[in-house]
Amino acid sequence: MAKILCVLYEDPIDGYPKTYARDSIPKLERYPDGQTLPTPKHIDFKPGELLGSVSGELGLRKFLEGKGHTFIVTSDKDGPDSVFEKELPDTDIVISQPFWPAYLTEERFAKAKKLKLAITAGIGSDHVDLQAAIEKGTTVAEVTYCNSNSVAEHNVMAILTLARNYIPSYQWVIDKGWNIADCVERAYDIEGMTVGIVGSGRIGLGTLKRLKAFDVKLHYTDRHRLPETTEKELGLTFHENVESLVSVCDIVALCCPLHPETEHLFNDKLINKMKRGAYLVNTARGKICDRDAVVRALESGQLAGYAGDVWFPQPAPNDHPWRTMPHHGMTPHVSGTSLSAQARYAAGVREILECWFENKPIRDEYLIVNKGKLAGTGKHSYSAGNATRGSEEASKFEVQK
Ligand code: NDP
């Protein structure tokens, strides 16, 4: 029998919901590239309910305990006295969400002597030291595509929020004002602007498709070029490198994974190659940007705005400068954990676990590391190495009630 340790974010401060804003969520059959949605044999939750917080348990308890496994769910994940660290030594399987990541560092791998499988309930396994997983033979799997379009939607929202100066305008309403000039002195249409996407994978392509309707000029860069038919259909301009892309764009959105090649890619040097007054949107990973370089660029006016929902580490310390820098449109890490997305990744985790316990192969597209090397999506989208350094800072966060 296995011990499964699952780290989820905390329940709502006013208690687990008794009712929901909507009665149902749309049922999708396939993702845009034809990939099927998760296909577990059964689910024990109602799609559209809160599953990603501790009481939601990703809807897994009945299934796991019914098979005689031990299932521990906690949000206490940081520091040596955390529940996560105490339970880790005899754990077989860790489940963690990128929104509230249980960082699996080299030190933690050394303690986790029995760990065989690390599942990301979502997309983005950079909270796992992939190099250590490769060396220890731990399988790493994520639920590829489960929330890619959730994030693509958020990207469009973030771009419009910044360019149209939405947040300050909303604030004038709350403050009982009617200060139109204050609202519009930084407001622009995006029509005619040049938008560049870094990483044209599932989120990047989903963002490009959604932006096409706004009559903007679409540019992108990636390690692998998109098919010519897609480039023609969307009117895309390809750039061989990110420097060339950023030099012509009014808006840049980051849609690539965090791995050694992309860590701190957007530093002072690269941001200073952007057009003055460009907007930078990052829903990929906080560490792709140099934290202080972003603050400096907003303060100097090099960037007109920065938005997104990813930070490093997570949760971000209460004094993280991105909470207070000017012209930002930050949220906590939420874009990939809408109720709609939760239903998909909870089902995907269940599918992965069913395969694991029945000794059946996990879908190739879900694999990041397998049998001591990058595999499946991991082989295509990541590079080997470790991007978890500095994650212990997450223990500085104090919950605000
Ligand atoms: P995909 O694997 O479909 O796409 C990632 C793309 O990034 C691939 O096309 C890959 O290129 C490209 N890429 C990798 N390295 C580079 C590089 N050095 N320069 C340019 N492009 C690069 O993943 P998704 O689109 O589904 O997700 C992307 C990332 O978004 C995740 O890894 C995660 O970090 C983040 N994410 C955030 C969420 C949120 O809630 N905010 C939710 C889900 C994901 P190629 O494969 O051609 O080598």
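Note that the structure is predicted; figures quoted are calculated from it, not measured.

(A) A look at a nonpolar patch on the surface. Taken together, the side chains of Tyr166, Ile167, Tyr170 and Ile174 make up a nonpolar region of the molecular surface, amounting to roughly 410 Å² of accessible area. Mapping tyrosine 166 onto the fold places it in helix H6 (residues 166–174).

(B) Main features of the packing of aromatic side chains. One pass over the full model with this rule turns up eight aromatic pairs. Where tyrosine 31 meets tyrosine 145, the ring centres are 4.6 Å apart and the plane angle is 5°; that geometry is what we call stacked. Separated by 114 residues along the polypeptide, tyrosine 31 in the loop between strand E1 (3–7) and helix H1 (61–66) and tyrosine 145 in the loop between strand E5 (139–142) and helix H5 (148–163) bring together distant segments of the chain. For tyrosine 31, a relative accessible area of 6% corresponds to the buried category.

(C) Just the site of the ligand, in detail. Neighbouring residues of the ligand: 31 residues in total, closest Arg202, Asp222, His224, His380 and Ser381. One nitrogen or oxygen atom from the side chain of serine 148 is found 2.9 Å from an oxygen atom belonging to the ligand. A distance of 3.3 Å separates an oxygen atom of the ligand from a polar atom in the backbone of alanine 284. Look at the ligand: alone it shows 930 Å² of surface, and the protein chains cover 94% of it. Contributing elements (two or more residues each) for the shell around the ligand: H5, helix H8 (202–211) and helix H14 (376–381). In the shell around the ligand, the residues fall into 10 nonpolar, 15 polar and six charged.

(D) Inspection of unusual backbone geometry at higher detail. For the peptide bond that leads from phenylalanine 312 to proline 313, omega is -10°, which places it in the cis range. Its location among the elements puts proline 313 in the loop between strand E11 (303–308) and strand E12 (328–330). Backbone geometry at leucine 58 places phi at a positive 55°, although glycine is not the residue there. Its location among the elements puts leucine 58 in the loop between E1 and H1. Take leucine 58: its relative accessible area is 0%, and that puts it in the buried class. Residue aspartate 215 is not a glycine yet carries a positive backbone phi of 55°. As for its position among the elements, aspartate 215 is in the loop between H8 and strand E7 (217–221).

Rules used in this analysis
Residues numbered from 1 in each chain as written. Predicted model: local features only at pLDDT ≥ 70, side-chain atom pairs only at ≥ 80, totals over all residues. Heavy atoms only, no water. Patch = residues over 30% accessible without salt bridge, like charges linked within 9 Å, V, L, I, M, F, W, Y side chains within 5 Å. Areas by Shrake-Rupley, 256 points an atom, 1.4 Å probe, with all protein chains shown as cover. Salt bridge = Lys/Arg side-chain N within 4 Å of Asp/Glu carboxyl O. Helix = DSSP H or I, 4+ residues; strand = E, 2+ residues; numbered from the N terminus. Phe/Tyr/Trp six-rings, centres within 6.5 Å; stacked < 30°, edge-to-face > 60°. Buried < 20%, exposed > 50% of the residue type's maximum accessible area, 1.4 Å probe, protein only. Near = heavy atom within 4 Å. Polar contact = N/O pair within 3.5 Å; in protein donor to acceptor, adjacent residues only side chain to side chain. Nonpolar A, V, L, I, M, F, W, Y, C, P; charged D, E, K, R; others polar.

Read these as geometric descriptors, not functional statements.
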